[in-house]
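Observations on the model geometry
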Amino acid sequence: MNQLANKQILLCVTGGIAAYKAAELIRLFKSSGSNVRVLMTEAAKEFITPLTMQALSGNEVHSDLLDPKAESAMGHIELAKWADAIVISPCSADSLAKLAGGRGDDLMSAVCLAADSKIFFAPAMNQAMWKDKRTKKNLASLKLPIFIQIGPNEGDQACGDIGPGRMSEPKEIIEIVGKEFSSGLLAGKKILITAGPTREKIDPVRYISNKSSGKMGFSLAKAAMEESAIVQLITGPVNLETPERVSRINVESAQEMCEKVIESIPEIDLFISTAAVSDFKMKDIKKNKIKKEDSKSFNLELEKNEDILKLVSKDNPELKIVGFAAETENLIDNAKKKLISKKLNLIVANDVSDSSIGFDSDENEVFLISEKEELKIAKTSKEKVSRKIIQFISKNILDD
Ligand code: CTP
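Since this is a predicted model, take the numbers as computed values, not measurements.

What about the packing of aromatic side chains?
Here the distance between the centres and the angle between the planes together describe a pair of aromatic rings. According to the stated counting rule, one finds one aromatic pair in the structure shown. Between Phe121 and Phe147 the ring centres are 6.2 Å apart and the planes differ by 75°, which places this aromatic pair in the edge-to-face class. On the criterion of sequence distance, the pair formed by Phe121 in strand β4 (residues 118-123) and Phe147 in strand β5 (residues 147-149) is long-range, its members being 26 residues apart. Exposure class is identical for Phe121 and Phe147. Each is buried. Directly above the aromatic system of Trp82 lies the positively charged group of Arg37, at a separation of 5.3 Å from the ring centroid. Lys136 extends its terminal NZ or CZ atom over the ring of Trp130, reaching a point 4.7 Å from the ring centre.

Set out below in structure tokens:
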């Protein structure tokens, strides 16, 4: 289980010899699937370079409170809102004093004042400074549930002293931060979702497509992400915003969708195919616009597209796969046939002849059919339907 997947971590590095450990901390957060931004105090830059932090985190380093450029891009309020957790590591005696005093005269203290997330801090200082009454007093005011203290450990210090004040090891910090996030049902699972219609070109100005809006696939992507899954969405042309923390690939034709799906398969634990893939494409896409001339009727020669779902299940017998069945008649029977013929773990059947729950609607009513179980999800918003589908998948498909 990986509770840190998809989490947005703001790592604040303050001045101290332990600043070098921040590099390892970034690496560990990133390998747990977190998105990391780094904030450095001026003193921190004396110990480790912003360039190192930028290269490791993959994001620009934040330092200035009053830099107009930074404020217009991601200023202190945005940074505070962005963070799911703030981790101050190492946290110097001076930074402790600033936090305790509720100061806001540098970027780190201002962000911590504005934040509504938890603030983890890993003190690191000389043992005498750690034992000092003023440090103790400052510490006493940094209380749960907002502030969570990590360490320090005892041992040899850079200055030659022995005693308390060594920063906790990055591994311990990661573990404590991870525990604070309630683990989602799909924590650490990698999920691929296809959504929307595909478009099959006829000529430079025309195409064959269908009424799919992509709403079901997008809301499933959001529901999976909210349960801490790492979600890859491959979508045909739709007019929808990408859910936060979901990575999106746009495609047009069924063939393009098929290629992108096959590329992603080796990485994933579960494939959910909600896309309304065009069953047919033009045998020969016309280079120039077709002219109507005098003809009263017109024939298009079509050929079958690859059935992406069938291909994936044939080539990946171990993979967990969920399909959708869009039907206008014999809903359950037709869906069961697809469950078997496409070798799926679950099929979600919906009646697209009813426009109140059909393609472009915000609501849906579906039947979940697996080999062992059937469940009706009565008409409700696509968001709620998605959450229920994800719960069902987590309990009955992935836990098998
Ligand atoms: N599907 C697919 N590739 C296709 C056609 C469908 O991956 N070329 C997937 C859909 O994403 C869905 C499932 O197969 O998960 C069933 O799609 P549906 O359109 O209901 O059925 P079809 O298999 O196309 O069969 P028919 O159109 O005859 O009902």
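Details of the sheet that holds strand β3 (residues 85-91)
Overall, parallel pairing links the five strands, which are arranged β2-β1-β3-β4-β5 in an open sheet. With partners counted over all chains shown, the strands left at the sheet margins are β2 (35-40) and β5, one partner each. Strand-to-strand twist across the sheet, computed as the mean angle between neighbouring axes with direction ignored, equals 20°. In terms of strand pairing, β3 meets β4 through five bridges, oriented parallel. Residue pairing in the sheet places Ile88 in a bridge with Phe121 of β4. Contacting β1 (8-13), β2 and β3, helix α1 (residues 21-31) runs over the sheet at an angle of about 175° to β1.

Focus: the site of the ligand
Neighbouring residues of the ligand: 14 residues in total, closest Ser273, Ala275, Phe324, Lys338 and Lys342. Contact between the ligand and Ser273: an oxygen atom at 2.6 Å from a side-chain N or O atom of the residue. Phe324 places a polar main-chain atom, nitrogen or oxygen, 2.8 Å from an oxygen atom of the ligand. Coverage of the ligand by the protein chains reaches 77% of its 560 Å² of free accessible surface. When residues of the shell around the ligand are traced back to their parent elements, those giving at least two are α12 (308-315) and β16 (320-327). No other element matches the four residues that β16 contributes to the shell around the ligand. A per-class count over the shell around the ligand returns seven nonpolar, two polar and five charged.

Some remarks on unusual backbone geometry
A cis amide bond links Ser89 to the next residue, Pro90, at an omega of 0°. Tracing the backbone shows Pro90 in strand β3. Residues Gly151 and Pro152 are joined by a peptide bond in cis, for which omega reads 5°. Within the secondary structure, Pro152 is located in the loop between β5 and β6 (153-156). The phi torsion at Ser228 lies on the positive side, around 75°, for a residue other than glycine. Ser228 gets classed as buried once you look at its relative accessible area, which sits at 4%.

Notes on the sheet that holds strand β19 (residues 374-381)
Judged by pairing direction, the sheet is mixed, and its eight strands sit side by side in the order β12-β11-β8-β13-β16-β17-β18-β19 without closing on themselves. The sheet is open, and its two borders are formed by β12 (247-250) and β19, each paired with just one other strand. Across the sheet, the mean angle separating the axes of adjacent strands is 15° when strand polarity is ignored. Summarising the sheet, strand β13 (residues 270-273) and β16 pair through four bridges and their orientation is parallel. Residue pairing for β16: Ile272 is matched across the bridge by Val322. Lying over the sheet, α12 contacts β13 and β16, oriented at roughly 155° with respect to β16. Each of β16, β17 (346-351), β18 (363-370) and β19 is contacted by helix α13 (residues 331-341), which is oriented at about 150° to β17, the strand it contacts most.

Here we look at a nonpolar patch on the surface
Together, Phe280, Phe298, Leu300 and Leu302 give the surface a local cluster of nonpolar side chains, amounting to about 360 Å² of exposed area. With respect to the helices and strands, Phe298 occurs in the loop between β14 (280-282) and β15 (302-304).

Criteria and thresholds
Residues numbered from 1 in each chain as written. Predicted model: local features only at pLDDT ≥ 70, side-chain atom pairs only at ≥ 80, totals over all residues. Heavy atoms only, no water. Phe/Tyr/Trp six-rings, centres within 6.5 Å; stacked < 30°, edge-to-face > 60°. Helix = DSSP H or I, 4+ residues; strand = E, 2+ residues; numbered from the N terminus. Buried < 20%, exposed > 50% of the residue type's maximum accessible area, 1.4 Å probe, protein only. Lys NZ or Arg CZ within 6 Å of the ring centre and 35° of its normal. Pairing = 2+ DSSP bridges. Axes fitted to C-alpha atoms, helices over the stretch in contact; angles between N-to-C directions. Contact = heavy atoms within 4.5 Å. Near = heavy atom within 4 Å. Polar contact = N/O pair within 3.5 Å; in protein donor to acceptor, adjacent residues only side chain to side chain. Areas by Shrake-Rupley, 256 points an atom, 1.4 Å probe, with all protein chains shown as cover. Nonpolar A, V, L, I, M, F, W, Y, C, P; charged D, E, K, R; others polar. Patch = residues over 30% accessible without salt bridge, like charges linked within 9 Å, V, L, I, M, F, W, Y side chains within 5 Å. Salt bridge = Lys/Arg side-chain N within 4 Å of Asp/Glu carboxyl O.

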